[in-house]
Number of protein chains: 2
Amino acid sequence: MQRWKLTVEYDGRPFVGWQRQDNGPSVQQSMEEAVQRLSGEVVRVHGSGRTDAGVHALGQVCHFDLEKPFTGLKLRDALNFHLKPAPIAVLEVEAVTEDFHARLTSTGRAYVYRIVNRRAPLALDAGRAWHVTRPLNAEAMHEAAQVLVGQHDFSSFRAALCQAKSPVKTLDRLAVERQGEEIRVHAAARSFLHHQVRNMVGTLELVGAGKWTVDDVRRALDARDRAKAGPTCPPDGLYFLAARY
Amino acid sequence: MQRWKLTVEYDGRPFVGWQRQDNGPSVQQSMEEAVQRLSGEVVRVHGSGRTDAGVHALGQVCHFDLEKPFTGLKLRDALNFHLKPAPIAVLEVEAVTEDFHARLTSTGRAYVYRIVNRRAPLALDAGRAWHVTRPLNAEAMHEAAQVLVGQHDFSSFRAALCQAKSPVKTLDRLAVERQGEEIRVHAAARSFLHHQVRNMVGTLELVGAGKWTVDDVRRALDARDRAKAGPTCPPDGLYFLAARY
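From a predicted model like this one, the values you see are computed outputs, not experimental measurements.

## Structural notes on the relation of the copies chain A and chain B
The operation relating chain A to chain B is a screw motion whose rotation component is 180°, with 0.0 Å of axial translation and a residual RMSD of 0.0 Å. These values place the two chain copies in the arrangement generated by a two-fold rotation axis. Considering only C-alpha atoms, the residue of chain A closest to the rotation axis is Asp125(A), which sits at 5.5 Å. The fraction of interface residues of chain A whose copies in chain B are also interface residues reaches 100%, indicating that both copies meet through the same surface.

## So, helix 1 (residues 27-39) of chain A
Residues and elements named next belong to chain A. In a regular helix each residue adds 1.5 Å, so 13 residues correspond to 18 Å; helix 1 covers 18 Å between its end C-alpha atoms and thus fits that length. Val27, Gln28, Ser30, Met31, Glu32, Ala34, Val35, Leu38 and Ser39 are the residues of helix 1 that are buried. Its buried side turned inward, helix 1 meets strand 1 (2-10), strand 3 (56-66), helix 2 (72-83) and strand 4 (88-96). Gly40 lies just past helix 1 and shows a positive phi near 80°.

## Details of the interface of chain A and chain B
Each partner contributes to the interface: chain A provides 23 residues, whereas chain B provides 23 residues. Overall, the association of chain A and chain B removes approximately 1800 Å² of surface from exposure, summing both partners, and the carbon and sulfur fraction of that is 57%. At the boundary of chain A and chain B, one finds four salt bridges. One salt bridge connects Glu9(B) with Arg118(A), and the closest N-O pair in it is separated by 2.8 Å. Put simply, chain A and chain B have 10 residue pairs in polar contact (both at pLDDT 80 or more) between them. Elements represented by at least two residues in the side of chain A that touches chain B include exactly strand 1, strand 3, helix 2 and strand 4 of chain A. Per element, the largest residue contribution to the side of chain A that touches chain B is four residues, and it comes from strand 4 of chain A. Across the side of chain A that touches chain B, the residue classes tally to 14 nonpolar, two polar and seven charged.

## Remarks on the domain arrangement of chain A
Residue and element names in this part refer to chain A. Under the domain assignment, chain A is made up of domain 1 (2-96) and domain 2 (111-244). Each of domain 1 and domain 2 has a C-alpha centre, and these two points are 27 Å apart. Across the domain 1 to domain 2 interface the summed buried area is about 1200 Å²; carbon plus sulfur atoms make up 53%. Linking domain 1 to domain 2 there are two salt bridges. In this structure, the salt-bridge partner of Asp11 is Arg128, at a minimum N-O distance of 3.6 Å. For the side of domain 1 that touches domain 2, a count of residues per class yields five nonpolar, seven polar and four charged.

## A few points about the side chain of Glu205(A)
All names here are of chain A. As for its placement among the helices and strands, Glu205 is situated in helix 4 (residues 196-208). Residue Glu205 is classed as buried on the basis of its relative accessible area of 6%. A polar atom in the side chain of Glu205 sits 2.8 Å from the side chain of Arg134. Beyond its immediate sequence surroundings of up to four residues, Glu205 is in contact with Trp130, Val132, Arg134, Leu136 and Met141.

## Details of the nonpolar core
Judged by nonpolar contacts, the single largest core of 71 residues is most densely connected at Leu6(B), Met31(B) and Phe64(B). No other element matches helix 3 (residues 138-148) of chain B, which puts seven residues into this core. A domain split of this core shows at least three residues from each of domain 1 (2-96) and domain 2 (108-244) of chain B. Once residues within four sequence positions are removed from consideration, Phe64(B) is found in contact with Gln2(B), Arg3(B), Trp4(B), Leu6(B), Val35(B), Val43(B), Arg44(B), Val45(B), Leu75(B) and Leu79(B). One finds Cys62(A), Ala145(A), Ala187(A) and Val207(A) within the second-largest nonpolar core, a separate group that totals 69 residues.

What counts as what
- Every chain is numbered on its own, with residues counted from 1 as its sequence reads.
- Here the convention is simple: chains get letters from A, ligands get numbers from 1, in the order in which they are written.
- Whole-chain, interface and lining totals are the exception, using all residues; otherwise, since this is a predicted model, local features are given only for residues with pLDDT of at least 70 and side-chain atom pairs are given and counted only at 80 or more.
- Note that water and hydrogens are dropped before the side-chain values are worked out from all heavy atoms of the structure.
- We superpose the copies by least squares over the C-alpha atoms of residues that have a pLDDT of at least 70 in both of them.
- By the convention used here, residues are in contact when the closest approach between their heavy atoms is within 4.5 Å.
- Segments assigned H or I by DSSP are reported as helices when at least four residues long, segments assigned E as strands when at least two residues long, and all are numbered from the N terminus.
- For a helix, the expected span equals 1.5 Å multiplied by the residue count minus one.
- The buried label applies to any residue whose accessible area, calculated with a 1.4 Å probe on protein chains only, is under 20% of its type's maximum; exposed applies above 50%, and partly exposed to all values in between.
- Two parts placed together each lose some accessible area; with a 1.4 Å probe, that loss summed over both constitutes the buried area.
- Just to be clear on terms, a salt bridge is a Lys or Arg side-chain nitrogen sitting within 4 Å of an Asp or Glu carboxyl oxygen.
- Any pair of N or O atoms that falls within 3.5 Å is considered a polar contact. Within protein, one atom must be able to donate a hydrogen and the other to accept it, and sequence-neighbouring residues count only if both atoms are side-chain atoms.
- When residues are grouped by polarity, Ala, Val, Leu, Ile, Met, Phe, Trp, Tyr, Cys and Pro land in nonpolar, Asp, Glu, Lys and Arg in charged, and all others, Gly among them, in polar.
- Note: domain ranges come from an automatic or database domain assignment.
- We define the nonpolar core as a collection of buried residues of types Ala, Val, Leu, Ile, Met, Phe, Trp, Tyr and Cys that are connected through side-chain atoms lying within 4.5 Å of one another.

Quick look at the structure:
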């Protein structure tokens, strides 16, 4: 038996999310079916992080075990062949030892969130970025983001359905930068609560629009109450960037 | 009567191209119908450059005349409303005098061509970039591109259907740069022949792959024979970037 680590890119729009669900196609199911088609083996593909419906990945990491021998390059090309026409691409394949686990042994995850800040609708980026029409001050958003960096109880930014044991997480980085009409929010942590990135970005947007101050963000964090922070922003702009081991 | 200059973004995939044709939806037709829906006036929308089927625009420029009075901001928002659900966005609207003509008075056009150079298929950029799996040397491509810069008879890079009076054009810029797995080719000229950018990029790809030398490109140019240059690359990676006046 060989354990394989994969780095995967996908367009989240046609999927109910990473995880297998009864209500539609998932990335996990597409990958498990592709593995079965190429090897005849029924496997469970474990992802580094679950992404929600409509959330994209530039570097999701997952693993599974195969009895049948492959080379990494052969496995990558065969998987990409069998994944068609799903918008999923296996970028890299690496043979790893059995102590590797995409979710359990990851020591860091990184996401990027794209906002296109302009009046006109999105022709090329529809479904791939959050379209915000009111003018946003990215510097104010970045300043407010620094309130959230560090170890905190993130209950105010946690989805009701979140299954994590503790709401305490350490946010390593939350950086906001503007390039022309696009604002990117970079987030990095060992792990995140469910909807944490989207709830933080939804809150920072209020700051960018001048509706909230840095102190409002601090108060929302301290309240440890989801109702006290800003709204959950849409999945469209969220990209799973990388997982570290 | 007021003449309006528009800057427009579109996803070229669902269209037969910029120009009205009998065989499917065009950007021009979508825009003319949107103008008619909002104003009741039947207009001809003139584009700065015709883009082929599948070619995108980040900054196509066009103009049309309206009897009914509008403010620029109102016209932009109303056009974007009436363009839905077509993937076309009016970015800017400017009132201009009648001596402005999107095509005839343009003094420069710029395109960018995106190549994604990797083995794995494109999940997020399918239809938006040319997927080239063999490794390309972008520096060699840039060097060869400089052979094409300047005033030349571009017959070797001209589509058979090209309606330009002369094959002589002055190419102001043809720059190739790699950022990670993406190679971008920037092209700028007063005007281009039909398929000129795609035929030049198709030729440079041969250089990047090591199949052609800089001298081969020079010989292809000097031959003034379409059969002597490289293939036409796909429309997927081509973006109309800007028009200058």
